[in-house]
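Per-entry structural report
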Amino acid sequence: KSDIFCCLTENNDMTEYQLIMADIPYDREYDGHYNLDVSASDLAGNTYSSSVSFIVNRFGSTYSLGDNCQEIIGQYIRSVDEIDIYELNIDSLDYKEVDIICNGISTKLEDEDYLYSYEKNGSRYEYTYVIPGSAFTKDGNYRVVVSSVDAAGNRNISSSSDNGCAIGFFVDNTSPAISSINLTS
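A separate point is the pattern of salt bridges. For the coordinates displayed, the defined rule picks out two salt bridges. Here Arg 58 makes a salt bridge to Asp 23, at a shortest N to O gap of 3.8 Å. Here Arg 58 is found in the loop between strand E4 (47–56) and strand E5 (62–65), whereas its partner Asp 23 is found in the loop between strand E2 (17–21) and strand E3 (32–41), with 35 residues between them in sequence. A residue is classified by how much of its surface remains accessible, and Arg 58, at 23% relative accessible area, is partly exposed. Among the salt bridges present, the one from Asp 111 reaches Lys 96, with a minimum N-O distance of 3.1 Å.

The following block contains the structure:
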């Protein structure tokens with residue numbers, strides 16, 4: 001961020017300065033990697049530079065859905081090809097879990113039941129979860145929830161209101177039934 005939240009103070013004999021930083025605002029947009037570079041020079045031309053890097057991660061992961069998911073949310077469908085979920089975090093994950101809830105019954109997927117990959121892209125980790133359509137074969141009301149814990153200790157849940165990544169849809173392969181109608185004249 002280009003915003004600087006600090007002030008410079010000096011003591012009475014002007015030989016020492018102190019940089020005091022205010023707390024970084026408690027807002028998701030300020031989570032990230034920071035570098036603080038400081039240099040000083042005196043009247044004789046002596047210079048000294050120092051830098052420190054730090055991470056602010058108070059809100060944890062953000063989630064997004066693959067294009068293939070956008071069109072099925074809240075819809076009645078016959079089948080699912082796959083569900084793609086993306087998780088971004090400035091820290092690595094210590095724990096991850098994928099749960100499928102069908103008609104109110106939750107099933108934790110084992111690692112071999114879905115594809116998982118990640119890469120470090122600049123200052124962020126990008127995680128990808130690909131859940132195959134074979135996880136959604138039974139007729140029912142489905143929800144998919146990804147949860148994780150990052151290195152900063154944040155517990156992240158894809159379906160929380162902060163993340164706005166609620167995945168819900170209905171699989172229906174049962175044809176309607178028609179009862180015979182008894183009409184009399």
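What follows is about the pairing of E4. The element E4 is barely covered by neighbouring structure, given that only one of its 10 residues are classed as buried. Both E3 and E4 contribute to a ladder of 10 bridges, which runs antiparallel. Considered in E4, the bridge of Val 38 is made with Ser 50. Hairpin remark: E3 followed by E4, antiparallel, with five residues in the connecting loop; positive phi at Gly 45, about 90°.

Burial along E5 is one-sided: the residues Tyr 63 and Leu 65 are buried and none of Thr 62 and Ser 64 is. Relative to strand E7 (residues 82–89), E5 runs antiparallel, the two sharing four bridges. When the sheet's bridge partners are listed, Ser 64 is paired in E7 with Tyr 86.

With that settled, the discussion passes to the nonpolar core. Ile 83, Ile 85, Tyr 129, Ile 131, Phe 136, Val 144 and Phe 169 are the most contacted members of the largest nonpolar core, which totals 26 residues. The set of elements that each furnish at least two residues to this core consists of E5, E7, strand E8 (93–102), strand E11 (124–132), strand E12 (140–150) and strand E14 (167–171). Contacts of Phe 136, omitting those with residues within four sequence positions, involve Val 80, Ile 83, Ile 100, Ile 131, Tyr 142, Val 144, Phe 169 and Val 171.

The next thing to look at is the side chain of Ser 147. Relative to the helices and strands, Ser 147 resides in strand E12. When its relative accessible area of 3% is taken as the criterion, Ser 147 is described as buried. When neighbours within four sequence positions are excluded, Ser 147 is seen to be in contact with Tyr 63, Tyr 95, Lys 96, Glu 97, Arg 155, Asn 156 and Ile 157.

Turning next to the state of the cysteines. In the structure shown here, the tally under the stated rule is zero disulfides. Of the cysteine sulfurs around Cys 69, a residue in no disulfide, the closest is that of Cys 165, at 7.9 Å. Overall, Cys 69 belongs to the buried group, its relative accessible area being 1%.

We now examine the side chain of Glu 97. Residue placement: Glu 97 occurs in strand E8. One buried charged side chain, Glu 97, makes no salt bridge at all; its nearest oppositely charged neighbour is Lys 108, positioned 4.2 Å away. If near-sequence neighbours (up to four positions away) are discounted, Glu 97 is found in contact with Lys 108, Val 145, Val 146 and Ser 147.

Rules used throughout
Residues numbered from 1 in each chain as written. Predicted model: local features only at pLDDT ≥ 70, side-chain atom pairs only at ≥ 80, totals over all residues. Heavy atoms only, no water. Salt bridge = Lys/Arg side-chain N within 4 Å of Asp/Glu carboxyl O. Helix = DSSP H or I, 4+ residues; strand = E, 2+ residues; numbered from the N terminus. Buried < 20%, exposed > 50% of the residue type's maximum accessible area, 1.4 Å probe, protein only. Pairing = 2+ DSSP bridges. Core = buried A, V, L, I, M, F, W, Y, C linked by side-chain atoms within 4.5 Å. Contact = heavy atoms within 4.5 Å. Disulfide = S-S within 2.5 Å. Lys, Arg positive; Asp, Glu negative; His and termini not counted.

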